[in-house]
Amino acid sequence: MTPVNGMDRRGLLRGGVTAAALAALGPLDALGARTAGAAPLAKLSASPDYGPLYPVKDAATGLELLRLPRGFEYVSYGWTGDVMSDGVRTPGAHDGMAAFRRPDGLVSLVRNHERGGYTGAFTTPAYNPAATGGTTTVVFDPDAGEFLGSWATLSGTIRNCAGGPTPWGTWLTCEETTEIGPDGTRHGYVFEVPHTGKGDPRPLRQMGRFSHEAVAVDPATGIVYLTEDATPSGLYRFLPATPGELAAGGVLQMLVIPTGDGSSYSTYADGTGTEYRELTWVTIDNPDYAPGEVSPVRQGAAKGAAVFRRLEGAWYGNERIYVVSTSGGPAGQGQVFEYDPAAERMRVLFASPDATVLNNPDNICVSPRGGIVLCEDGSSGEYLHGLTTDGEIFPFALNQVVIPAGGVPGRSVPAGDYSGSEWCGSTFEPRNGNWLFVNVQSPGITFAITGPWRRGSL
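Residues numbered from 1 in each chain as written. Predicted model: local features only at pLDDT ≥ 70, side-chain atom pairs only at ≥ 80, totals over all residues. Heavy atoms only, no water.

Q: Go over the state of the cysteines, please, and point to the residues and values.
A: The full count for this structure, using the stated rule, is zero disulfides. In this structure Cys-365 is not part of a disulfide, and its nearest cysteine sulfur, from Cys-375, lies 6.8 Å away. Using a relative accessible area of 6% as the deciding quantity, one classes Cys-365 as buried. In this structure Cys-424 is not part of a disulfide, and its nearest cysteine sulfur, from Cys-375, lies 6.8 Å away. (Disulfide = S-S within 2.5 Å. Buried < 20%, exposed > 50% of the residue type's maximum accessible area, 1.4 Å probe, protein only.)

Q: For unusual backbone geometry, give the residues involved together with the corresponding values.
A: The general pattern is negative phi for most residues beyond glycine and trans for most peptide bonds. Here Thr-231 and Pro-232 are connected by a cis peptide whose omega angle stands at 0 degrees. If you trace the backbone, Pro-232 turns up in the loop between β13 (224-228) and β14 (236-240). Here the residue pair Ser-442 and Pro-443 is connected by a cis peptide bond, since its omega of 15 degrees sits within 30 degrees of zero. Residue position: Pro-443 is located in the loop between β29 (436-440) and β30 (445-450). Of note in this structure, Glu-319 is not a glycine but carries a positive phi near 60 degrees. Tracing the backbone through its elements, the reader meets Glu-319 in the loop between β18 (311-317) and β19 (320-325). Here Glu-319 falls in the exposed class, since its relative accessible area comes to 57%. (Helix = DSSP H or I, 4+ residues; strand = E, 2+ residues; numbered from the N terminus.)

Q: An account of the confidence of the model for the chain is needed here, citing residue identities and associated values.
A: Here the chain averages 91 in pLDDT, while 92% of its residues score no lower than 70. Contacts for the low-pLDDT stretch residues 4-19, under 50 throughout, to residues beyond four places or in other chains number 29 contacts. (pLDDT = per-residue confidence, 0-100. Contact = heavy atoms within 4.5 Å.)

Q: Which residues make up the layout of surface pockets, and what values go with them?
A: Its volume calculated, the largest pocket comes out at about 800 Å³. Taken together, the elements giving at least two residues each to the lining of the largest pocket come down to β5 (94-101), β9 (160-165), β12 (212-217), β18, β22 (361-366) and β28 (423-428). Of the residues forming the lining of the largest pocket, the biggest block, six residues, is contributed by β5. Grouping the constituent residues of the lining of the largest pocket by class yields 22 nonpolar, eleven polar and two charged. (1 Å grid on protein atoms, 1.4 Å probe; cavity = no way out; pocket = protein on both sides within 12 Å on 5 of 7 lines; lining within 4 Å. Points joined across faces, edges and corners; volume = space filled by probe spheres on them. Nonpolar A, V, L, I, M, F, W, Y, C, P; charged D, E, K, R; others polar.)

Q: Give a detailed account of the side chain of Thr-123, specifying residues and quantitative values.
A: Along the chain, Thr-123 falls in the loop between β6 (107-113) and β7 (133-141). Beyond its immediate chain neighbours, meaning those up to four positions away, Thr-123 contacts Ala-152, Thr-153, Leu-154, Ser-155 and Lys-198.

Q: I'd like a rundown of the nonpolar core, residues and numbers included.
A: In terms of nonpolar packing, the biggest core is built from 30 residues, with Leu-68, Phe-396, Phe-447, Ile-449 and Trp-453 touching the most fellow members. Of all the secondary structure elements, the ones that give two or more residues to this core are β3 (64-69), β23 (372-376), β25 (393-399), β28, β29 and β30. What Phe-447 contacts, discounting residues up to four positions off in sequence, is Leu-65, Leu-66, Tyr-74, Val-75, Ser-76, Val-401, Leu-436, Phe-437, Val-438 and Val-440. In this structure, Ile-223, Tyr-276, Trp-281 and Ala-351 belong to the second largest nonpolar core, which totals 23 residues. (Core = buried A, V, L, I, M, F, W, Y, C linked by side-chain atoms within 4.5 Å.)

Below you can see the structure in the form of structure tokens.
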């Protein structure tokens, strides 16, 4: 069956989308309803609930590193080069991250470091002792608003970009590469890191070797959905032999959008409201491919699987899997897909009409209050964007990290303007969502942001 243009809620649009109708939808649903068949969406200059952005001083350094709405505050921690609790210096290139609630009421943050090169692992255990990427874990007290410590948890990997949390309390960290190390070690895998200790340096090979980006786990089935940051890329799922025990192996599959002749379907230019029905999956016969062999995406496409442009962020919620294509859509500025695993249907909830609305979204996370945070990885300022529960996009935070001449006392980050660096790893504190944690990749800083969240949908 070929994709269908249109949405089930189009009748709402013909009659005018009322505020009450939009409020009854989730934020991504509301965004799709607001944009399908309607005039191009304009990005709000400021949140109607939180207001415009102003420079705010960091509680740790006194520097105005971020712009936020009035009433919001933040504290920085874990700068590149800071000595951690285990004596290891914090590696740079902070990226994907997830927050886990601990039994003692504290929060563990497992944080990626998207480092390349082969000058040596920064900790043990290490998959490849020469490789410099990996993960660290940070502990935060949400009641006191204080970071308490951090330590290295996995290294010997390359370009740990994103990943995702599991329902059983681990972080799946993903290598966004398929390069081969100087000693012949193959990279391009997923690794599992418990939020309570050290990671497992054994790659989950049956989850595939490709340019991994993010994962989202369906807690009802234990199925892991995986994105691939490449063009062409596939949307994959991993069917574990034993749910919750990924190291026990399983089967990797790639999504098929049916076509009349059984050929591979391209989603590259699909706009808001495009629907895909009667979806199926094909098995990837050789997920851990070697040099000279056929890559997983080519294997899947040869069997009729669909291809995408740069699939990046992924998130599970509302019994759905949400996936971001950073450069898909008619304008090449990004798409947000919603996949319903029970009905085997998917749709484009939103395709950005131009860069002024949404400029190449990357990571995605959801607030306990229903709103969505989108991390832009574009070229027009580096914003964290909020998405309201009635489907409006607004700027929530702006990176304005500038380190003055002479640097910051007690820190080794050199002076410079880092305001062009991307946001990464947004994730809310899991107990009540009072804190939003997020990274600025360069110079490598973790922020904890709090404020009057309940004034709006974030």
